[in-house]
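As a plain string of letters, each chain reads:
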Amino acid sequence: MEELGLLFRLILAFLFLSTFISKIRDIGTHLSIVRAYQIIPYSWSKGFTYLDLGLQVTVAVSLLIGLFTTLGLSLAILLLGVYTLAISINLAKGRKKISCGCGGMAGNHFLSWKLVLRNLVFISLAVCVGQWNGGWASVDHYLLSGSFEITNEVMAIFFSSVCISLLMAISGEISTFKHILGKRQG
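For the record of the protein chain, the UniProt heading Subcellular location (unreviewed entry) holds the text "Membrane".

**Student:** Which parts of the structure should I look at to understand the overall build of the protein chain?
**Tutor:** What the protein chain contains, in helices and strands, is seven helices and zero strands. Beginning at the N terminus, the succession of helices and strands in the protein chain can be written as α-α-α-α-α-α-α. Here the protein chain holds 186 residues, and 39% of them are scored as buried. Sequence-distant contacts in the protein chain: of pairs separated by 6 or more residues, those separated by 24 or more amount to 68%. Of the roughly 10800 Å² that the protein chain leaves accessible, carbon and sulfur atoms contribute 70%.

**Student:** Sorry, what's going on with the UniProt feature "transmembrane region" (unreviewed entry) in the protein chain here?
**Tutor:** On the UniProt side, "transmembrane region" (unreviewed entry) is annotated at positions that read residues 60–87, 115–134 and 154–174 here. The span residues 60–87 carries 89% helix and 0% strand; its end-to-end C-alpha distance comes to 22 Å.

**Student:** Sorry if this is basic, but what is going on with the packing of helix α3 (residues 45–65) against helix α4 (residues 69–92) here?
**Tutor:** If you want to describe how two helices pack, look at the angle between their axes and the distance between the axes. The contact between α3 and α4 brings their axes to 8 Å, and the two run at 140°. Comparing their axes, α4 and α3 come out oblique. The interaxial crossing formed by α3 with α4 has left-handed handedness. Contact residues: Asp52, Leu55, Gln56, Thr58, Val59, Ser62 and Leu63 in α3; Thr69, Gly72, Leu73, Leu75, Ala76, Leu79 and Tyr83 in α4.

**Student:** Help me understand the side chain of Arg118 in this model?
**Tutor:** Summarising the element assignment, Arg118 is placed in helix α5 (residues 113–132). Ignoring sequence-local partners within four residues, the contact set of Arg118 consists of Cys102, Ala106 and His109.

**Student:** What is the right way to look at the environment of His109 in this model?
**Tutor:** By the secondary structure assignment, His109 is in the loop between α4 and α5. It is 9.9 Å that separates the C-alpha atoms of His109 and Lys96, two residues lying 13 residues apart in sequence. With residues near it in sequence (within four places) discarded, His109 still touches Ile98, Ser99, Cys100, Leu115 and Arg118.

**Student:** Any chance you could explain unusual backbone geometry here in plain terms?
**Tutor:** Most peptide bonds are trans, and most residues other than glycine sit at a negative phi. Here Gln38, not a glycine, exhibits a phi torsion of approximately 55°, which is positive. By the secondary structure assignment, Gln38 is in the loop between α2 (27–36) and α3. Residue classification places Gln38 among the exposed positions, given a relative accessible area of 53%.

**Student:** Please clarify how the nonpolar core should be interpreted in this entry.
**Tutor:** If you look at soluble globular proteins, the nonpolar side chains tend to sit buried side by side. Core analysis: the biggest nonpolar cluster contains 37 residues, and Leu12, Phe16, Tyr37, Val59, Ile87 and Leu111 have the highest contact counts within it. Residue assignment for this core shows that the elements contributing at least two residues are α1 (2–25), α3, α4 and α5. When sequence neighbours within four positions are dropped, the list of residues in contact with Leu111 reads Tyr37, Ile87, Asn90, Leu91, Arg95, Lys96, Ile98, Ser99 and Cys100.

**Student:** In this structure, what is going on with the packing of α4 against α5? I would like to understand it.
**Tutor:** Packing of α4 against α5 brings their axes to within 9 Å, and their N-to-C directions diverge by 165°. In terms of orientation, α4 and α5 fall into the roughly antiparallel class. Handedness of the crossing formed by α4 with α5: left-handed. Taking contact as the criterion, the partners of Leu73, Ile77, Leu80, Gly81, Tyr83, Thr84, Ile87, Ser88 and Leu91 in α4 are, on α5, Trp113, Leu115, Val116, Asn119, Leu120, Phe122, Ile123, Ala126, Val127, Val129 and Gly130.

Calculation criteria
- Residues numbered from 1 in each chain as written.
- Predicted model: local features only at pLDDT ≥ 70, side-chain atom pairs only at ≥ 80, totals over all residues.
- Heavy atoms only, no water.
- UniProt positions renumbered as here; feature names shortened; annotations may be inferred.
- Helix = DSSP H or I, 4+ residues; strand = E, 2+ residues; numbered from the N terminus.
- Buried < 20%, exposed > 50% of the residue type's maximum accessible area, 1.4 Å probe, protein only.
- Contact = heavy atoms within 4.5 Å.
- Areas by Shrake-Rupley, 256 points an atom, 1.4 Å probe, with all protein chains shown as cover.
- Axes fitted to C-alpha atoms, helices over the stretch in contact; angles between N-to-C directions.
- Parallel < 35°, antiparallel > 145°, perpendicular 65-115°, else oblique.
- Left-handed = near helix turned anticlockwise from the far one by under 90°.
- Core = buried A, V, L, I, M, F, W, Y, C linked by side-chain atoms within 4.5 Å.

Below, the structure is given as structure tokens:
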């Protein structure tokens, strides 16, 4: 079960990492999407946007390396809960033509109840990780056990993180290239 917990932890880590990268690349658009939700006062939207980005990168790093995992999972559940509530409020008001602002691996979609369900699945994953969090392949485990050996699990996480980061960077470059080509053709 610890292997499944590690898999879910890494899925959540890369979900938050990819959305962070997507949002930071175009912070102006992310700010506009936060304002389009019309949940918080306009004057707070910039501060909220930066807080959201800070919390997302905290979750990503925490879950990726398994450091302060309980905090990372708690923040992930909090953020996903806030996003789900904001989507639900706008759907209840009939406001469906707003970008979810998810970005990254989650993509960008107009608001729908499917997004609410998807977020609830991610929240469930986070709860499962918390239940199975035996510390396998995590910095928390090695710090608490006093064992600082570089094990196969640590190396696997490191190399898979590097590979996935490279794939994300390449994907972003391809997307940027397609965008540039689209502008030249248009």
